[in-house]
Structure formats: C-alpha cells, structure tokens
Amino acid sequence: MSTSAESRTTAVESRRTTTAAGRIAALGRAELTLFGRSRGMLVGALVVPLVLPFSVRSVVQDMDLAENGLSVGLVLLPGAIGFSLLFAVYSALVAVFVGRREELVLKRLRTGEPRDAEILAGASLPAVLTGLLQSLVLVAGCTALLDVPAPKAAWLAVLGLLSGLVMCSALAAFTASFTRTVESAQATALPLVLVSMIGSGVTVPLELMPDRLATAFGLLPLSPVITLVRGGWSGDLSAAEALGACALALVWTAASVFAVRRWFRWEPRR
C-alpha cells in the first residue's frame, strides 16, 4: 500500500473514531484561546459579575428582609449567581456566536464533521465553565463575607445553577440570530439583562413585590433559576414550588432550543 493510501486510510479511521464529546472538547479548546485574546470580553465575563453583587449590598441591607424570612446573604448569593449567568454566560455568548458567524467560522465548521449542536456546544463551553467556576467562587465569597449558612437543600441549588447555564446558552444563541454585528451584541442582550436584574429576583426578591407583580415577574426566564438557588439555601421551597420552577426553566430552555433550530443564522447577515 502506498504512503498516500495509508494516509487516507488513517484519516478515515481517525474520523470514524472521533466522538461527539471529543469534537465538543476540541472546539471548546479552540474557543478558549480566542476567548482569552479579547480583553473586553474577559472584563465583562470575569470582573463585572464579581463586582456587581457587592456593589448593591447597601441597597439590599435597607430592604425589609426579616419579615419575609430572608437575610442579606440569602438575597446577594442567588443574585451573584444571577449576575454571573447574565454577564459571564449570556452576554458573553451572544458576542461569541455573532463574532464567529461574521468571521465565517461557523460556516466553515459546518462543512466538517461536527454537527450543528456540537458546534454551538463547543463555542459555549468556555463561557459555561467560566460561569460555573465563577458561581463557585461567589458562593465561597458570600459564605465567608456574609455569614451564609450551608445550603439546606443543596440539590435544588445545583439544579438551579445547571439549568441556568443551559438556558442562558440557548437564549444567547437565539439572541445572536437577530444580532447583526459584534458591536450591536451588547444592545440586543441588554433588554433581557435589565429585565432579569429588575424582575427575576436578582436584586429585589420576588417576596418583596406585590403579589400580581411577583406572579408576572416569576414567569421571566431567570426567575425559576433564582428561585431554585435561593430555595436550595433557605430550604423553604415546597415540593410543588420546586417542581413549578423546574418546569418553567425547562419550558424556557425548550422554547429557546426550538427558536435556535428554527432561526439561528450560520452565515453573516447582509
């Protein structure tokens, strides 16, 4: 067998032995390199979520928390994780998806072996890991600085964080579908960020809002995530409330995935 024939055989065999996990990991490593070269994205994803939660501490301290069974720590800790999901994952990924699309990276990847879902998952991997590690750092910081006790239902907090990571990644891909340029990515991501900060319990707990307003805001995408995380620490979440929050998070994630499959653009918008 000639050398060229052997090379072709080896290439074919290597393609056959690759797995979805391996392809996603390879794409994630490549994306991590590009992620580290962008100073603006690093600041937005790493610094902002760590600073914002503690910058609103004085505002939270002035709220009537004790009457609703809350404390400063039980408000700031879930809020800190919410900030991380919004900035380190959602906002960062909108810019990533748009940038790779406009640079024709996504188009070229589609001509290779990775499937569409693998391409998006690989591009999301660095931001998702950043959000996960950042959340762990924030939990440790809030526990040490705000005297937050150990979670009474840790599995709810873990479930809330994981569902938030998946949901924010899918929402970012959907937002990127109607974002024309990297420069406009901040503008298109801003509405969800602002609405979530105000109405999802990130800065103001839903328990402190009027019933009708709290019910309406409780349907926002990030609301079930904050509810699960806070309930994981307080242990006050009933089984029905936990199931409702999980169901709502699943609905938003499924709707976002459907929207991405239907409207996500793989080529530059003209």
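An account of the accompanying structure is given in this report. (Residues numbered from 1 in each chain as written. Predicted model: local features only at pLDDT ≥ 70, side-chain atom pairs only at ≥ 80, totals over all residues. Heavy atoms only, no water.)

Notes on the overall build of the chain
Line of reasoning, step 1. Scanning the chain from terminus to terminus reveals 12 helices and zero strands.
Line of reasoning, step 2. Along the chain direction, N to C, the helices and strands of the chain fall in the order α-α-α-α-α-α-α-α-α-α-α-α.
Line of reasoning, step 3. Residues classed as buried in the chain amount to 45% of the 270 residues present.
Line of reasoning, step 4. Sequence separation of 24 or more characterises 82% of the internal contacts of the chain that already satisfy a separation of 6 or more.
Line of reasoning, step 5. Working note: accessible area of the chain is about 13800 Å², and carbon and sulfur atoms make up 65% of it. (Helix = DSSP H or I, 4+ residues; strand = E, 2+ residues; numbered from the N terminus. Buried < 20%, exposed > 50% of the residue type's maximum accessible area, 1.4 Å probe, protein only. Contact = heavy atoms within 4.5 Å. Areas by Shrake-Rupley, 256 points an atom, 1.4 Å probe, with all protein chains shown as cover.)

Focus: the pattern of salt bridges
Line of reasoning, step 1. Within this structure, the stated rule accounts for six salt bridges.
Line of reasoning, step 2. With its nearest N and O atoms 4.0 Å apart, the salt bridge here joins Glu267 to Lys107. Pair noted here: Glu267 is in the segment after α12 (239–263) and Lys107 is in helix α6 (residues 105–110), with a separation of 160 residues, a long-range link.
Line of reasoning, step 3. According to the relative accessible area criterion, Lys107 is partly exposed, its value standing at 39%.
Line of reasoning, step 4. For the salt bridge of Asp116 with Arg110, the shortest nitrogen-to-oxygen distance reads 2.9 Å.
Line of reasoning, step 5. Overall, Asp116 belongs to the partly exposed group, its relative accessible area being 32%.
Line of reasoning, step 6. Look at Arg110 and you get partly exposed, because its relative accessible area is 40%.
Line of reasoning, step 7. Among the charged side chains, a network of salt bridges with common partners joins Arg23, Glu113 and Glu118. (Salt bridge = Lys/Arg side-chain N within 4 Å of Asp/Glu carboxyl O.)

Some words on the nonpolar core
Line of reasoning, step 1. Residues Leu77, Leu85, Tyr90, Phe97, Leu222, Trp233 and Phe264 are the most contacted members of the largest nonpolar core, which totals 54 residues.
Line of reasoning, step 2. Looking at this core, the elements that each hand over two or more residues are α5 (72–102), α7 (116–145), α8 (154–177), α9 (185–199), α11 (223–234) and α12.
Line of reasoning, step 3. If you tally residues by element for this core, the top one is α5, at 17 residues.
Line of reasoning, step 4. Residues in contact with Tyr90, not counting those within four places in the same chain, are Leu85, Cys168, Leu171, Ala172, Thr175, Thr188, Ala189, Leu192 and Val193.
Line of reasoning, step 5. Counting six residues, the second-largest nonpolar core is a separate cluster that includes Leu228, Leu237, Ala242 and Ala245. (Core = buried A, V, L, I, M, F, W, Y, C linked by side-chain atoms within 4.5 Å.)

A word on the packing of aromatic side chains
Line of reasoning, step 1. Counted according to the given criterion, the structure contains five aromatic pairs.
Line of reasoning, step 2. Summarising the aromatic geometry, the rings of Phe174 and Phe178 are spaced 5.5 Å apart at their centres and angled 75° between planes, so their arrangement reads as edge-to-face. (Phe/Tyr/Trp six-rings, centres within 6.5 Å; stacked < 30°, edge-to-face > 60°.)

A closer look at the environment of Val182
Line of reasoning, step 1. Within the secondary structure layout, Val182 lies in the loop between α8 and α9.
Line of reasoning, step 2. Taking the relative accessible area as the measure of exposure, Val182 reaches 38% and is therefore partly exposed.
Line of reasoning, step 3. Separated by 80 residues in sequence, Val182 and Glu102 place their C-alpha atoms 8.3 Å apart.
Line of reasoning, step 4. Look past the residues within four positions of Val182 in its chain and what remains in contact with it is Ala95, Val98 and Gly99.

Side note on the packing of α8 against α12
Line of reasoning, step 1. Interhelical geometry of α8 versus α12 gives an angle of 25° and a closest axis separation of 8 Å. One way to sum up the angle between α8 and α12 is to call them roughly parallel. Considering only the axes of α8 and α12, their crossing is left-handed. Contacts from Leu156, Leu159, Ser163, Val166, Met167, Ala170, Leu171, Ala173, Phe174 and Ser177 of α8 reach α12 at Ala242, Cys246, Ala249, Trp252, Thr253, Ser256, Val257, Ala259, Val260 and Trp263. (Axes fitted to C-alpha atoms, helices over the stretch in contact; angles between N-to-C directions. Parallel < 35°, antiparallel > 145°, perpendicular 65-115°, else oblique. Left-handed = near helix turned anticlockwise from the far one by under 90°.)

Quick look at α5
Line of reasoning, step 1. In this model α5 runs 43 Å from its N-terminal to its C-terminal C-alpha over 31 residues, within 8% of the 45 Å that 1.5 Å per residue would give.
Line of reasoning, step 2. If you look at α5, its biggest bend is around 30°, right at Leu93.
Line of reasoning, step 3. Within α5, 28 of the 31 residues are buried, leaving the element largely enclosed by the surrounding structure.
Line of reasoning, step 4. Positive phi shows up at Leu104, right after α5, with a value of about 65°. (Expected span 1.5 Å × (residues − 1). Bend = angle between axes of the 7 residues up to and from the residue.)

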